[in-house]
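# Coordinates in review
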Amino acid sequence: MAKMIIFDLDGTCWDSEPETARADAKAFEAIGWHHKDAAHIILTEMRGFSSRAKFDAMSKVLDRAGTEDDYVQYRALRSKTMDECFERDIFPLMPGITEFLAYLHTQPETWLASISNNPVERSRTGIRRKFLDKYIPARLTFGPGTHGRAKPAPDMITYARRLQGIGADRTIMVGDSAADMLAARADGSWAVAYLPQDSHNFIGRSAELIAAGAHTILTAFSKENWEQVMTMKSSPAPRCKI
């Protein structure tokens with residue numbers, strides 16, 4: 001019976017988080033929200049947060065009330081910096097991801113897909129530039145809007161698996177954020193959190209991901225680790241409401 005494995009991209013397939021944190025810090029600085037350790041705080045304490053969640057969290061760190069105009073300006077500046085980073089293709093692949101996808105690609109009746117809260121064409125371009133499109137085809141790369149609401153809503157996962165006629169019980173979501181786990185659990189799919197063993201605050205982040213619904217933690221992309229995940233896999237928990 002066919003199954004689908006869906007991958008998040010930023011923070012899972014490639015490491016965009018350090019540059020994202022710097023882009024956030026630069027945008028906050030531009031609107032007058034200065035903190036000498038902003039990039040470090042964002043990277044270590046706000047990893048996986050949406051732009052709105054980062055804005056709200058930073059307003060608390062700085063003890064200041066942000067207006068909607070502040071948020072719009074911050075988001076526009078952040079997007080411009082991230083677009084520049086994307087055009088320069090400076091995000092390195094996560095260790096072992098290419099070999100891992102190649103291994104999964106050889107498994108019988110297994111579809112590989114990706115979802116991201118970024119525009120779908122950006123995701124498809126990134127996958128192609130990093131030569132991952134031989135494993136994750138463009139037609140199985142999804143983004144918000146056309147393919148549903150952004151994560152943590154389950155829409156994109158549901159859309160992806162239904163396109164191939166695959167049930168939630170045969171679908172696995174691999175991602176690095178609470179939003180990924182919440183989306184998977186809301187769909188009824190198996191939620192696998194990717195978190196390298198040497199990550200900052202590994203214990204704390206593991207607890208956050210498990211609280212968000214992760215069934216298990218994948219600490220490295222390898223055949224051996226994946227086989228352990230598949231051994232642990234059982235019926236997904238009931239759907240939760242977004």
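Below, the structure is looked at part by part. (Residues numbered from 1 in each chain as written. Predicted model: local features only at pLDDT ≥ 70, side-chain atom pairs only at ≥ 80, totals over all residues. Heavy atoms only, no water.)

What follows is about helix α8 (residues 178–187). Across the 10 residues of α8, 8 count as buried, placing the element largely inside the fold. Among the residues of α8, Ala179, Asp180, Met181, Ala183, Ala184, Arg185, Ala186 and Asp187 are the ones counted as buried. Where the residues of α8 are buried, they touch α7 (155–163), β4 (171–175), β5 (190–194) and α9 (202–211). Following α8 by one or two positions, glycine 188 adopts a phi angle in the positive range, close to 95°. (Buried < 20%, exposed > 50% of the residue type's maximum accessible area, 1.4 Å probe, protein only. Helix = DSSP H or I, 4+ residues; strand = E, 2+ residues; numbered from the N terminus. Contact = heavy atoms within 4.5 Å.)

An order of β3-β2-β1-β4-β5-β6 is seen for the 6 strands of this open sheet, with the pairing classed as parallel. Each edge of the open sheet is held by one strand with a lone partner, namely β3 (141–142) and β6 (216–218). Bridging between strand β1 (residues 3–7) and β4 involves 4 bridges; their strand directions are parallel. If you follow isoleucine 5 over to β4, its bridge partner there is isoleucine 172. Of the strands in this sheet, β4 and β5 touch α8, which is tilted by about 170° from β5. On top of the sheet, helix α10 (residues 223–232) reaches β1, β4, β5 and β6; it is set at about 170° to β6, its chief contact. (Pairing = 2+ DSSP bridges. Axes fitted to C-alpha atoms, helices over the stretch in contact; angles between N-to-C directions.)

Turning our eyes to something else, we now look at the packing of helix α1 (residues 17–30) against helix α3 (residues 51–61). With their axes 12 Å apart at the nearest point, α1 and α3 run at an angle of 60° to one another. With respect to each other, α1 and α3 are oriented oblique. Judged by the twist between their axes, the crossing of α1 over α3 is right-handed. In this structure, α1 uses Thr20, Asp24 and Phe28 to contact α3, whose residues at the interface are Lys54, Phe55 and Met58. Taken together, the residues of the contact of α1 with α3 sort by class into 3 nonpolar, 1 polar and 2 charged. (Parallel < 35°, antiparallel > 145°, perpendicular 65-115°, else oblique. Left-handed = near helix turned anticlockwise from the far one by under 90°. Nonpolar A, V, L, I, M, F, W, Y, C, P; charged D, E, K, R; others polar.)

What follows is about the environment of valine 229. Relative to the elements of secondary structure, valine 229 occurs in helix α10. Between the C-alpha atom of valine 229 and that of histidine 215, which follows or precedes it by 14 residues, the distance is 9.2 Å. Here valine 229 is in contact with Trp190, Val192, Thr216 and Leu218, once residues within four sequence places are set aside.

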